[in-house]
Number of protein chains: 2
Amino acid sequence: MTTITGAAQTIAGEYVRAWTSGDAEKALSLVADDVVCDAPSGRIEGIDGYRRFLAPFVGTLVKGEVLDVLGHDTRAVTVYSVDLPFVQNLHGAEYLTVTDGKISHVISVFDMSPMLKARAAQS
Amino acid sequence: MTTITGAAQTIAGEYVRAWTSGDAEKALSLVADDVVCDAPSGRIEGIDGYRRFLAPFVGTLVKGEVLDVLGHDTRAVTVYSVDLPFVQNLHGAEYLTVTDGKISHVISVFDMSPMLKARAAQS
């Protein structure tokens, strides 16, 4: 059994451990200025938009846990579980492409329906 | 740059290529009888329940595409994109544990909100 820890896997690990522990800015320091992210809510382009996506989410975290980080030198997937005020054990995954040492593309996958239900209950 | 193709990664690749191309039974042949799956809709235990989860979803596929399969000998993640009658380019990920050559645990991550919206529109 051989496990190779490549550059993307290493950066993805630092990134996901940062934001799941509440440090959005440390996570964002690993993201490229021209990042493109495909999220359930739509496409986000650029680090400013990505900060507006990530930081409020991290701000609501009750608990974050990294379940795994798999990948190689150019691509990696993080698998995580989070508790939010209105949902527990919400699983998510991020498929990350790393270019020149920074995260350049993200496919962010999680179930938005608990957020939509909470928003509907508030309105 | 070194990429290791481990047993779990190989089985995960066969599994996701099968179901995304419409062959749920071929995919299910790679899943353990006592599989446990944590899905957005809740926990599923056993192959019969997993078939009731996977087969109807595969039956509604308009298009399925495997974006990547990352992993090693015991764990792997599939990243996919599907078109369904009511949503296009829905991304998902499956975090798979392989034991004795079969998929024994699945964390299935995707956004359920398009399905819930479609269901609400029908009712």
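Below: a short report on this structure. (Residues numbered from 1 in each chain as written. Chains lettered and ligands numbered in written order. Predicted model: local features only at pLDDT ≥ 70, side-chain atom pairs only at ≥ 80, totals over all residues. Heavy atoms only, no water.)

Here we look at the overall build of chain A
At step 1: Looking only at helices and strands, chain A features four helices and six strands.
At step 2: Starting at the N terminus, the α and β elements of chain A follow one another as α-α-β-β-α-β-β-β-β-α.
At step 3: Whereas a compact globule of 123 residues would reach a radius of gyration of roughly 14 Å, chain A reaches 14 Å, a difference of no more than 12%.
At step 4: Seen along its three principal axes, the alpha-carbon backbone of chain A occupies a region of about 50 × 35 × 20 Å.
At step 5: Looking at chain A residue by residue over its 123 residues, the buried ones come to 56%.
At step 6: Pairs at least 24 residues apart make up 49% of the contacts formed inside chain A by residues separated by at least 6 positions.
At step 7: Surface accessibility of chain A: about 5,700 Å² in total, with carbon and sulfur atoms responsible for 49%.
At step 8: Both charge centroids of chain A, one from 10 positive and one from 15 negative side chains, sit 4 Å from each other. (Helix = DSSP H or I, 4+ residues; strand = E, 2+ residues; numbered from the N terminus. Rg over C-alpha atoms; globule rule 2.2 N^0.38 Å. Buried < 20%, exposed > 50% of the residue type's maximum accessible area, 1.4 Å probe, protein only. Contact = heavy atoms within 4.5 Å. Areas by Shrake-Rupley, 256 points an atom, 1.4 Å probe, with all protein chains shown as cover. Lys, Arg positive; Asp, Glu negative; His and termini not counted. Charge placed at Lys NZ, Arg CZ, Asp CG, Glu CD.)

What about the pattern of salt bridges?
At step 1: Under the defined criterion, the tally for this structure stands at six salt bridges over all chains.
At step 2: One salt bridge connects B:D38 with B:R43, and the closest N-O pair in it is separated by 2.9 Å.
At step 3: Take B:R43: its relative accessible area is 54%, and that puts it in the exposed class.
At step 4: A salt bridge links B:R51 to B:D48, with the nearest nitrogen and oxygen atoms 3.8 Å apart. With B:R51 and B:D48 both in helix α3 (residues 47-59) and three residues apart, this pair spans about one turn of that helix.
At step 5: One network of salt bridges, in which partners are shared, links A:E25, A:D48 and A:R51. (Salt bridge = Lys/Arg side-chain N within 4 Å of Asp/Glu carboxyl O.)

A few points about the sheet that holds strand β4 (residues 75-84) of chain B
Residue and element names in this part refer to chain B.
At step 1: Judged by pairing direction, the sheet is mixed, and its six strands sit side by side in the order β2-β1-β6-β5-β4-β3 without closing on themselves. Each edge of the sheet is formed by a strand with only one pairing partner; in this case those strands are β2 (42-45) and β3 (63-71). Averaged over neighbouring strand pairs, the angle between their axes works out to 20° when direction is ignored.
At step 2: Both strand β1 (residues 31-39) and strand β6 (residues 102-110) contribute to a ladder of four bridges, which runs parallel. Note on β6: the bridge partner recorded for V31 is I103.
At step 3: Packed on one face of the sheet, α3 meets β1, β2, β4, β5 (87-99) and β6 and runs near 65° to β1. (Pairing = 2+ DSSP bridges. Axes fitted to C-alpha atoms, helices over the stretch in contact; angles between N-to-C directions.)

Observations concerning the interface of chain B and chain A
At step 1: At the interface, 29 residues of chain B touch 29 residues of chain A.
At step 2: Counting each side, the surface lost to burial between chain B and chain A is near 2,300 Å², with a carbon and sulfur contribution of 76%.
At step 3: Here chain B and chain A share zero salt bridges between them.
At step 4: At the boundary of chain B and chain A, one finds four residue pairs in polar contact (both at pLDDT 80 or more). (Buried area = accessible area lost by both parts, 1.4 Å probe. Polar contact = N/O pair within 3.5 Å; in protein donor to acceptor, adjacent residues only side chain to side chain.)

Let's talk about unusual backbone geometry
All names here are of chain A.
At step 1: In the Ramachandran plot, N89 falls in the positive-phi region, its phi being about 55° despite a non-glycine side chain.
At step 2: Looking at where N89 falls in the secondary structure, it is placed in strand β5 (residues 87-99).
At step 3: The backbone of D100 shows a phi angle near 50°, a positive value even though the residue is not glycine.
At step 4: Inspection of the secondary structure assignment puts D100 in the loop between β5 and β6 (102-110).
At step 5: D100 gets classed as exposed once you look at its relative accessible area, which sits at 77%.

On their own, these measurements won't tell you what the molecule is for.
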